[in-house]
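Each chain is listed here by its residues.
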Amino acid sequence: MFDLAEAFSRQSDLIQLTTYENEFETIKSLHTLPKDKQRHFNALTIQLLDNLEQPANKESCAQTSRSLREEGNRVYKSKCDKNAAEAKECLLAACRIYTQAILEAEDALDELALGFANRGMALQDFGYFQQAYDDCACALEFGYPHRLQHKLVMRQAHCAWQLGNVQQLAEHLSILKKLPLNDGYAKQLEQLKQQLEILEANPNNEQLPAIPAVHRVNHKILSTPAKGRHMIATTALMKDELIFTEQAQCFVPIEQRLICQQCAASLLCAPIPCPACHQRVVYCSRNCRQLHAKIHSYECGAYRRNLLSMLGVSHLALRLLVKHLPEWMKQLPTENSRNAKELWQALVYPTTTEDSPSLQSLRMITQLHKAPQEELVYHALCANLLQVYLFSCTSFYEDLKMANQTDWHLVIAALILRNAGQLLVNGHVGNALVIHALPSNEFPLLQPDMWQRPYHLKRGYLHKFSSRELITAINLPLLSLCNHACNPSLRTTFDGCMVNNYAAFDIAAGEEIFNCYSLDYKHSLSEQRQQQLLEIYKFRCDCSKCVRPEADADYFNFHRYRCEQCKQSFVPKVNLNWWQQSDEMLSICCTACEETQQLTWYDQFLQLLERCDEPRDRRKLFEAFAALNTWLLDFNSLKLSLAKELIGGCFAAKDAGATFADYDYAELCKIIEFELAGIAAQRGSNSLQYISNATYLLDMIAWGKHKANAKQLQAMRSSFAFLAKETREIFVNYYNDFIEQ
Ligand SMILES: [Zn+2]
Ligand SMILES: [Zn+2]
Ligand SMILES: [Zn+2]
Ligand SMILES: [Zn+2]
């Protein structure tokens, strides 16, 4: 047995890259080794793919799934002797366990079908009708026992009725009419028939959602010899005005969190897994699964081998290829007798002036030619591995009818390498609000204690959404056209695959629109940024923030201390973020008297943080926080960070049952307001950081422990517009339920 690292290390010993010319020549040198070496090199790839195969044990999957489902059944039934609110908790708890049963079933299809059927029942009872409808369809698809199918069809009819879907209701009723039904079901059928008549007589008059006004075109792409392609504003733009929206054609989930592979939804209540790749791929709905089916057929085997999580940027490079190649191939002239090099040339340098997202992706810049040899070898080996995988484990080559396969081997690997190189400097990461410390295979909407009904939280639970997480690696060719500045003119928000870019400040007509590729000028030292930009993007920044005399002035504003010795204010010369580093020896010195600071107040504060649950200790903690004002000035980053820890600690203590007095609430509110003001100064009051931390204040208001004025409320309410749609619905419901009823 050997793993990826071992295989790559043996393979790199066999190859020798000459001076870099392009991706094609690099891959060619892997494919044209001396005969013996080539045989050995190829065998290593195949052996690796074989080794990574992880067969599932169907019997044990079935057993685990069955016992989970039985546990789910017990929880589901226990609702009968509970009050209404507790019964709802039982329903969600059952959904959660059934979901685990569905995931664990993998390809034990009988169990899978039963898991879906039971979850559908619990989802319907809770009010997730669309998801319940889908679950019934999944149960039928995976072989739910024939003699019981009428139960599921009846449930689908019920859900269709609840959803007001006349066509589906009629369809299911016509199936039911042909089935032998007992008295109970026959009665239900009669009732649903009447409901159908009512629906048909009163077609849903609900207004269709207004089609959003076409955004005025307020930017354009220019191309100049000095700047290359870049974006400018064609009209004056106000702060927070939408500049452009980009629908990503291609993304991959990062880390292990299970999000919808098609639409990047992260708040799933009824995830539908692919049963063949070991619980690594889920969808939010059958519709999304259907839309993604072709792409997944090329990736399923790689997920099953857990290959993709090891390959980093090459996974997105692979998806870019399988998604866009059919379109790229349309650029090829029709005659077939082309060799590999001609194919490559025609694909990579198309003559068309068309500007579809797929062709934009082909034109993104790459810095692979400047990469160190080791990095180049690594990405080339990844590309080669994925090409061999596509050829030997999927139907990719057959589907695209690639005539002369040997030529295509080379071209496909070279295209993956090219995509990877482009994505290294053009790839973006998308974020979402998630529940703090929720394991990656748990789902926020299925946490039993949090929800009163679908998408409506219970009072005091909004702060659960105070964590942000990077969830997607995403290709955005249009955003990639923006040049870099350390004070970006746009602010990017992610709504799954929809990416909105708003003006970060007022922009004049004709001004260039900049994105920021690194941390911005308020979050980093200019020298650190320069290093990073040089290393990854191969340029030095000369934006207005970098060339001014005191380039770090704004950053220093968040690092002011008062000296313990001479009492003067200072910004440390080194170790600005000493408290984030693990090295305990790090310290800071006063720049006026050069005295090393003892920082005893810091250690004392950390000790108090451990004991937020005791009223007496909490009082000391609040006093210690107020005392930090002596040493940490203005919006000192350390003070903001300690505020965050304190707020998180107190809410965790409260969630665990600690009792809070009015004094606690009042102190905590002051600290939350301080933290929010700091975040507003550093990132703006419409940033995701601001909104996620405002959840604490909103919970305080919901509990009646804080009075916000109308202006503050209005500001918070309108900031929800910058959230992803699925999260926005939850926030707006919360606001209407508990803040301004
Ligand atoms: Zn989806
Ligand atoms: Zn799969
Ligand atoms: Zn700069
Ligand atoms: Zn001093």
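Cut-offs and rules
- Residues numbered from 1 in each chain as written.
- Chains lettered and ligands numbered in written order.
- Predicted model: local features only at pLDDT ≥ 70, side-chain atom pairs only at ≥ 80, totals over all residues.
- Heavy atoms only, no water.
- Helix = DSSP H or I, 4+ residues; strand = E, 2+ residues; numbered from the N terminus.
- Rg over C-alpha atoms; globule rule 2.2 N^0.38 Å.
- Buried < 20%, exposed > 50% of the residue type's maximum accessible area, 1.4 Å probe, protein only.
- Contact = heavy atoms within 4.5 Å.
- Areas by Shrake-Rupley, 256 points an atom, 1.4 Å probe, with all protein chains shown as cover.
- Lys, Arg positive; Asp, Glu negative; His and termini not counted.
- Charge placed at Lys NZ, Arg CZ, Asp CG, Glu CD.
- Pairing = 2+ DSSP bridges.
- Axes fitted to C-alpha atoms, helices over the stretch in contact; angles between N-to-C directions.
- Donors = N, O, S within 2.8 Å, 3.2 Å for Na, K, Ca; no water.
- Tetrahedral: all angles 85-135°; square planar, octahedral: opposite > 155°, others 65-115°.
- Salt bridge = Lys/Arg side-chain N within 4 Å of Asp/Glu carboxyl O.
- Expected span 1.5 Å × (residues − 1).
- Bend = angle between axes of the 7 residues up to and from the residue.
- Parallel < 35°, antiparallel > 145°, perpendicular 65-115°, else oblique.
- Left-handed = near helix turned anticlockwise from the far one by under 90°.
- Nonpolar A, V, L, I, M, F, W, Y, C, P; charged D, E, K, R; others polar.
- Core = buried A, V, L, I, M, F, W, Y, C linked by side-chain atoms within 4.5 Å.

Considering the overall build of the chain
Argument step 1. A tally of helices and strands in the chain yields 27 helices and 14 strands.
Argument step 2. Its C-alpha atoms give the chain a radius of gyration of 29 Å, near enough to 27 Å, the size a compact globule of 741 residues would have.
Argument step 3. For the C-alpha atoms alone, the extent of the chain along its principal axes is close to 90 × 75 × 55 Å.
Argument step 4. A total of 741 residues make up the chain; the buried ones form 52% of that total.
Argument step 5. Residue pairs in contact within the chain that sit at least 24 positions apart in sequence constitute 69% of those at least 6 positions apart.
Argument step 6. When the accessible surface of the chain is summed, it comes to about 34,500 Å², and 50% of that surface belongs to carbon and sulfur atoms.
Argument step 7. Charge separation in the chain, taken as the distance between the mean sites of 75 positive and 83 negative side-chain charges, equals 3 Å.

Let's talk about the sheet that holds strand E7 (residues 428-434)
Argument step 1. Spatially, E4-E10-E7 is the arrangement adopted by the three strands of the open sheet, whose pairing is antiparallel. Two strands bound the open sheet, and with one partner strand each, they are strand E4 (250-253) and E7. Within the sheet, the average angular offset between the axes of one strand and its neighbour, ignoring direction, is 35°.
Argument step 2. Inspection of the sheet shows E7 paired to strand E10 (residues 467-475) by seven bridges, in the antiparallel sense. Directly across from His428, in E10, lies its bridge partner Ile474.

A look at the coordination of the zinc ion (ligand 2)
Argument step 1. Taken together, Cys274 (SG), Cys277 (SG), His296 (NE2) and Cys300 (SG) make up the protein donors of the zinc ion (ligand 2), found 2.0 to 2.3 Å from the metal.
Argument step 2. One way to put it: the four donor atoms around the zinc ion (ligand 2) meet at angles of 105 to 118°, and that makes the site tetrahedral.
Argument step 3. The motif formed by the donor residues of the zinc ion (ligand 2), counted along the single chain, is C-x2-C-x18-H-x3-C. You can see Cys277 sitting in the loop between strand E5 (272-273) and strand E6 (282-283) and its partner Cys300 sitting in helix H11 (residues 286-304), a full 23 residues away along the chain. For the pair Cys277 and Cys300, one class covers both residues: buried.

Thoughts on the side chain of Asp134
Argument step 1. Within the secondary structure, Asp134 is located in helix H7 (residues 129-141).
Argument step 2. Of the side chains with opposite charge, Arg286 lies nearest to the buried Asp134, which makes no salt bridge, at 4.9 Å.
Argument step 3. Sequence-distant contacts of Asp134, defined by excluding residues within four places in its chain, comprise Ile272, Ser285 and Arg286.

Notes on helix H12 (residues 313-329)
Argument step 1. Between its first and last C-alpha atoms H12 spans 23 Å; for 17 residues at 1.5 Å apiece the expected length is 24 Å, and the two agree.
Argument step 2. Maximal helix bending in H12 amounts to about 45°, located at Lys323; proline Pro326 follows within four positions.
Argument step 3. The element H12 is largely enclosed, with a buried count of 13 among its 17 residues.

Let's talk about the coordination of the zinc ion (ligand 1)
Argument step 1. Taken together, the protein ligands of the zinc ion (ligand 1) are Cys260 (SG), Cys263 (SG), Cys284 (SG) and Cys288 (SG), with distances of 2.2 to 2.4 Å.
Argument step 2. Here the zinc ion (ligand 1) is ringed by four donor atoms whose angles at the metal span 104 to 115°, and the overall shape comes out tetrahedral.
Argument step 3. Sequence spacing of the donors to the zinc ion (ligand 1): C-x2-C-x20-C-x3-C. In this pair, Cys263 sits in the loop between E4 and E5 while Cys284 sits in the loop between E6 and H11, placing the two residues 21 residues apart along the sequence.

Focus: unusual backbone geometry
Argument step 1. Positive phi, normally seen in glycine, also occurs at Glu106, with a value near 45°.
Argument step 2. Secondary-structure assignment places Glu106 in the loop between helix H5 (84-105) and helix H6 (109-126).
Argument step 3. The class of Glu106 is buried, set by a relative accessible area of 10%.
Argument step 4. Its identity is not glycine, yet Asn575 carries a phi of approximately 60°, on the positive side.
Argument step 5. Inspection of the secondary structure assignment puts Asn575 in the loop between strand E14 (569-570) and helix H21 (600-609).

As for the environment of Gln532
Argument step 1. As for its position among the elements, Gln532 is in helix H18 (residues 526-537).
Argument step 2. Given a relative accessible area of 33%, Gln532 falls into the partly exposed group.
Argument step 3. Taking the C-alpha atoms as reference points, Gln532 and Tyr517, 15 residues apart in sequence, are found 9.4 Å from one another.
Argument step 4. With residues up to four places along the chain from it excluded, the contact list for Gln532 reads Ser518, Leu519 and Tyr537.

Examining the sheet that holds strand E3 (residues 242-247)
Argument step 1. In spatial order, the strands read E3-E12-E11; together these three strands make up an open sheet with antiparallel pairing. The open sheet has two free edges, formed respectively by E3 and strand E11 (490-495), since each of these has just one partner strand. Here the average twist between neighbouring strands, direction ignored, is 20°.
Argument step 2. Pairing analysis gives five bridges linking E3 to strand E12 (residues 498-503), with the strands arranged antiparallel. When the bridges of E12 are listed, Glu246 appears paired with Val499.

Observations regarding the packing of helix H23 (residues 637-655) against helix H25 (residues 688-702)
A pair of packed helices can be characterised by two numbers: the angle between their axes and the separation between those axes.
Argument step 1. Their axes nearest at 11 Å, the elements H23 and H25 cross at an angle of 45°. On the basis of the axis angle, H23 is oblique to H25. The hand of the H23/H25 crossing is left-handed. Packed against H23, whose contacting residues are Lys644, Ile647, Gly648 and Phe651, the element H25 presents Asn693, Tyr696, Asp699 and Met700 at the interface.
Argument step 2. Split into classes, the residues belonging to the contact of H23 with H25 amount to four nonpolar, two polar and two charged.

Describing the packing of helix H8 (residues 149-162) against helix H9 (residues 166-177)
Argument step 1. Viewed as axis vectors pointing N to C, H8 and H9 meet at an angle of 155°, and their least axial separation amounts to 8 Å. By the angle class used here, H8 and H9 are roughly antiparallel. Where H8 crosses over H9, the handedness of that crossing is left-handed. Of H9, the residues touching H8 (which contributes His150, Val153, Met154, Gln156, Ala157, Ala160 and Trp161) are Gln168, Leu169, His172, Leu173, Ile175 and Leu176.
Argument step 2. Among the residues making up the contact of H8 with H9, the classes are represented as nine nonpolar, four polar and no charged.

Some points on the pattern of salt bridges
Argument step 1. If you walk through the whole model with that rule in mind, you get 29 salt bridges.
Argument step 2. A salt bridge links Glu23 to Arg418, with the shortest nitrogen-to-oxygen separation between them at 3.4 Å. Of this pair, Glu23 sits in helix H2 (residues 23-31) while Arg418 sits in helix H17 (residues 405-426), and the two are 395 residues apart along the sequence.
Argument step 3. For Arg119, the salt bridge goes to Asp135, with nearest N and O atoms at 2.6 Å. Placement of Arg119 in helix H6 and of Asp135 in helix H7 is noted, with a sequence separation of 16 residues between them.

Some points on the nonpolar core
Most often, soluble globular proteins have nonpolar side chains that are buried together.
Argument step 1. Residues Leu325, Leu390, Phe396, Trp408, Ile412, Phe465 and Leu646 are the most contacted members of the largest nonpolar core, which totals 189 residues.
Argument step 2. Residues Ala248, Ile471, Leu481 and Leu490 belong to the second largest nonpolar core, which totals 24 residues.

Comments concerning the pairing of E4
Argument step 1. Burial along E4 is two-sided: Cys250 and Val252 facing one way and Phe251 and Pro253 facing the other are all buried.
Argument step 2. By the bridge criterion, four bridges tie E4 to E10 in an arrangement that is antiparallel. Considered in E10, the bridge of Cys250 is made with Asn475.

Some details on the environment of Asp617
Argument step 1. Note on placement: Asp617 falls in helix H22 (residues 615-627).
Argument step 2. Owing to a relative accessible area of 14%, Asp617 belongs among the buried residues under this scheme.
Argument step 3. What Asp617 contacts, discounting residues up to four positions off in sequence, is Leu608 and Arg611.

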